[in-house]
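Summary of structural features
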Amino acid sequence: MSERNVSQGRRGRPARLSRDRIVAAAQEIVEREGSGALSMRRVAEAVGAAPMSIYRHVRDKDELLVLVMDRVVLDLPRPELPDDPRARLLAVLTWQHDELAARPWIVDVLVKGDLMAPSILWLLEEIYSAWQACGLTLAQAAEANRIVWGFLVGDLVQRAERARPEGRAPRQVSVPAAVDPAAYPTLAALHGYWTAPGRGDSFAGDLAALVDALIARAV
């Protein structure tokens, strides 16, 4: 930007501060740098306002994160779900996983805190009702989904870690793959498993196996 344009921008009337501008600025920060980079001061700098002025529109960072997550979820098109209960359950769980995988900063927020966007309630309704349609009681559905959520989070966290370029194989792969067969014969026999190129891409099959096991146990 030229010096002349900067000068004109300073003389011009500043854009009116609003909750929508604040949330949009926060979304840009977390999508670019992750949720850890978000602070009220960073948002204030992004919108060209004093930090204290942000608090007139948003109570704190937690409320701001919830507002950003709400904004993201509301912009997502809802998936078309099949009628068959098991297929419906797998489809909605897969949609949840894939949308979160595309936004690691949300996974980070959900894992570290107790925050939830109200706009996601429709998804929870679909998930629990699909479990019930598969023959589970409501209490069993809650327990089954707790187990599946732990599985989903574990996969999402690992995916986020694998996405970071390190220039070397993860030690969780290289260490067991290089064991002495005389000392660790069982681990050595699994060498092909540790080094298989598609070992980290088994989510769909693993999810189906877990869902089937939970349905069979309950029913």
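Presented here is an overview of the structure given in this document. Keep in mind that what you see is a predicted model, and the values were worked out from it rather than measured.

A cluster of nonpolar side chains, namely Tyr184, Leu187, Leu190 and Tyr193, defines an oily patch on the protein surface of about 380 Å² accessible area. You can see Leu187 is positioned in helix H11 (residues 185–189). The partly exposed category is assigned to Leu187, whose relative accessible area is 32%.

Take the pattern of salt bridges next. If you walk through the whole model with that rule in mind, you get twelve salt bridges. Where Asp108 meets Lys112, a salt bridge forms, and the shortest distance between an N and an O atom there is 3.2 Å. Within this pair, Asp108 and its partner Lys112 are both found in helix H7 (residues 104–112), separated by four residues, close to a single helical turn. Given the relative accessible area of 25%, Asp108 is considered partly exposed. Among the residues examined, Lys112 registers a relative accessible area of 67% and is labelled exposed. For Asp155, the salt bridge identified is with Arg159, shortest N-O distance 2.5 Å.

This paragraph deals with the side chain of His97. Within the secondary structure layout, His97 lies in helix H6 (residues 85–101). A polar atom in the side chain of His97 sits 3.1 Å from the side chain of Asp98.

Bringing the nonpolar core into the picture now. Leu38, Val43, Ile54, Leu64, Val68, Met69 and Trp105 are the most contacted members of the largest nonpolar core, which totals 29 residues. Put simply, the parts of the chain that give this core at least two residues each are helix H2 (19–33), helix H3 (40–47), helix H5 (61–74) and H7. The greatest single-element share of this core, amounting to seven residues, is contributed by H5. Discounting residues that sit within four places of it in the chain, Val43 has contacts with Ile22, Ala25, Ala26, Ile29, Leu38, Ile54 and Leu64.

One turn of the α-helix equals 3.6 residues, which is why residues spaced by three or four share an orientation. Compared with an ideal rise of 1.5 Å per residue, which puts 16 residues at 22 Å, helix H13 (residues 203–218) spans 22 Å between its outermost C-alpha atoms and is within 8% of the ideal. Listed in full, the buried residues belonging to H13 are Phe203, Leu207, Ala208, Val211, Leu214 and Ile215. Angular distribution of buried residues about the axis of H13 spans 135°; they occupy a single face of the element. In H13, the exposed positions angled more than 90 degrees off the buried face are occupied by Ala216 and Arg217.

Scoring rules and cut-offs
Residues numbered from 1 in each chain as written. Predicted model: local features only at pLDDT ≥ 70, side-chain atom pairs only at ≥ 80, totals over all residues. Heavy atoms only, no water. Patch = residues over 30% accessible without salt bridge, like charges linked within 9 Å, V, L, I, M, F, W, Y side chains within 5 Å. Areas by Shrake-Rupley, 256 points an atom, 1.4 Å probe, with all protein chains shown as cover. Salt bridge = Lys/Arg side-chain N within 4 Å of Asp/Glu carboxyl O. Helix = DSSP H or I, 4+ residues; strand = E, 2+ residues; numbered from the N terminus. Buried < 20%, exposed > 50% of the residue type's maximum accessible area, 1.4 Å probe, protein only. Polar contact = N/O pair within 3.5 Å; in protein donor to acceptor, adjacent residues only side chain to side chain. Core = buried A, V, L, I, M, F, W, Y, C linked by side-chain atoms within 4.5 Å. Contact = heavy atoms within 4.5 Å. Expected span 1.5 Å × (residues − 1). Arc of directions from axis to C-beta.

The values are spatial; any link to function lies outside them.
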